[in-house]
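A closer look at the structure
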Amino acid sequence: MTGSSSKKIRGEDVLAFLAANPNFLIEQGHAEWLFHPQEHGDVVDLSQIITKRAQAALKRSTAIRNSLVDITTANHETQQRVHHLALLICAAQNSDEIANLVADILPDLMDIDAARLVVAEGKPLAHHPKTVAMDIGFLPKLTGGSAYALGAPRGLQGEVFRNILDQTPPSMACIFLPRITPDQDHDMVLALAGADADSFTDGHGTEFLEFIASMLAVALIARGA
């Protein structure tokens, strides 16, 4: 193309464009040029770029595989913790030992700062030194009226660990122990204090927490609590 306002396109410009846009030849129906440039004269050989792209894809594949290994390992560790906790609950002889288990063992098992059973006033465990007693009408405030609540402490949640930790935990999980019998009250909440803001978040998976709460509920009712 010629003309006073036209800019002459140099060979270096073409090579730079193709190097930056290696899909151009494929999109134009000239994919064979990428791999057999010697058959088409002075066409830039992009086989090295394709190779680099393949290497990058392999690296991404390796990263994904490593992530899957990490997930599998984490799942295995979770299963081990659940198994350990289940054995400890089965070994507890009475409700007092279960309250001690929650306060003394659960934090290490879950890598958190503290754990407590919040028990409705008037219940036998409300007098245990390692539980927190509250009016039964306040318990739903700990979970926001739902079965559980996770995230930064709000309202009454910040009071649970006031006498246990030096400062309000950065995150918490509060989950009602489920009813095992139809006539049972919702009179206990499992409260967990996270070690950091990401320990418990609104999007946090709850299957593990629900399972723990169910195990504790069954164990407590079996022991007359």
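Above this text sits the structure in question.
Residues numbered from 1 in each chain as written. Predicted model: local features only at pLDDT ≥ 70, side-chain atom pairs only at ≥ 80, totals over all residues. Heavy atoms only, no water.

**Examining the overall build of the protein chain**
Scanning the protein chain for helices and strands turns up eight helices and five strands. For the protein chain, the α and β elements follow one another from N to C terminus as α-α-α-α-α-α-β-β-α-β-β-β-α. Sorting the 225 residues of the protein chain into buried and exposed places 33% on the buried side. Taking contacts inside the protein chain between residues at least 6 apart in sequence as the whole, the part at least 24 apart equals 58%. (Helix = DSSP H or I, 4+ residues; strand = E, 2+ residues; numbered from the N terminus. Buried < 20%, exposed > 50% of the residue type's maximum accessible area, 1.4 Å probe, protein only. Contact = heavy atoms within 4.5 Å.)

**Section: the sheet that holds strand β5 (residues 188–193)**
In space, the five strands of this open sheet follow the order β2-β1-β5-β4-β3, with mixed pairing throughout. For this open sheet the edge positions go to β2 (131–134) and β3 (148–151), each flanked by a neighbour on one side alone. Averaged over neighbouring strand pairs, the angle between their axes works out to 20° when direction is ignored. Summarising the sheet, strand β4 (residues 172–176) and β5 pair through five bridges and their orientation is antiparallel. By the bridge assignment, Ala173 is partnered in β5 with Leu192. Strand contacts of helix α8 (residues 207–222): β1 (114–120), β3, β4 and β5, with the helix running at about 45° to β4, the strand carrying the most contacts. (Pairing = 2+ DSSP bridges. Axes fitted to C-alpha atoms, helices over the stretch in contact; angles between N-to-C directions.)

**What to know about the environment of Phe161**
Note that Phe161 resides in the loop between β3 and β4. For Phe161, a relative accessible area of 2% puts it in the buried group. The sequence separation of Phe161 and Leu192 amounts to 31 residues, and the corresponding C-alpha distance is 9.2 Å. In contact with Phe161, other than residues within four places in its own chain, are Ala114, Ala115, Arg116, Pro169, Met172, Ala191, Leu192 and Ala193.

**So, the pattern of salt bridges**
Here the structure, examined in full by the defined rule, presents three salt bridges. A salt bridge links Asp104 to Lys130; the nearest nitrogen and oxygen atoms lie 2.8 Å apart. Pair noted here: Asp104 is in helix α5 (residues 95–104) and Lys130 is in the loop between β1 and β2, with a separation of 26 residues, a long-range link. Between Lys123 and Asp187 there is a salt bridge whose closest N-O contact spans 3.2 Å. With Lys123 in the loop between β1 and β2 and Asp187 in the loop between β4 and β5, the pair connects residues that are 64 residues apart, well separated along the chain. Owing to a relative accessible area of 30%, Lys123 belongs among the partly exposed residues under this scheme. (Salt bridge = Lys/Arg side-chain N within 4 Å of Asp/Glu carboxyl O.)

**Some words on the nonpolar core**
In terms of nonpolar packing, the biggest core is built from 32 residues, with Leu177, Leu190 and Leu192 touching the most fellow members. Listed by contribution, the elements that provide at least two residues to this core are α4 (47–91), α5, α6 (106–110), β1, β4, β5 and α8. Considering every element that reaches this core, the biggest residue donor is α8, with eight residues. Those residues within four positions of Leu190 in sequence are excluded, and the remaining contacts are Val102, Leu106, Arg116, Leu117, Ala173, Cys174, Ile175, Leu177, Ile212 and Leu216. Judged by nonpolar contacts, the second largest core, of 16 residues, contains Ala114, Ala120, Leu165 and Met172. (Core = buried A, V, L, I, M, F, W, Y, C linked by side-chain atoms within 4.5 Å.)

The analysis is restricted to geometry; functional conclusions fall outside its scope.
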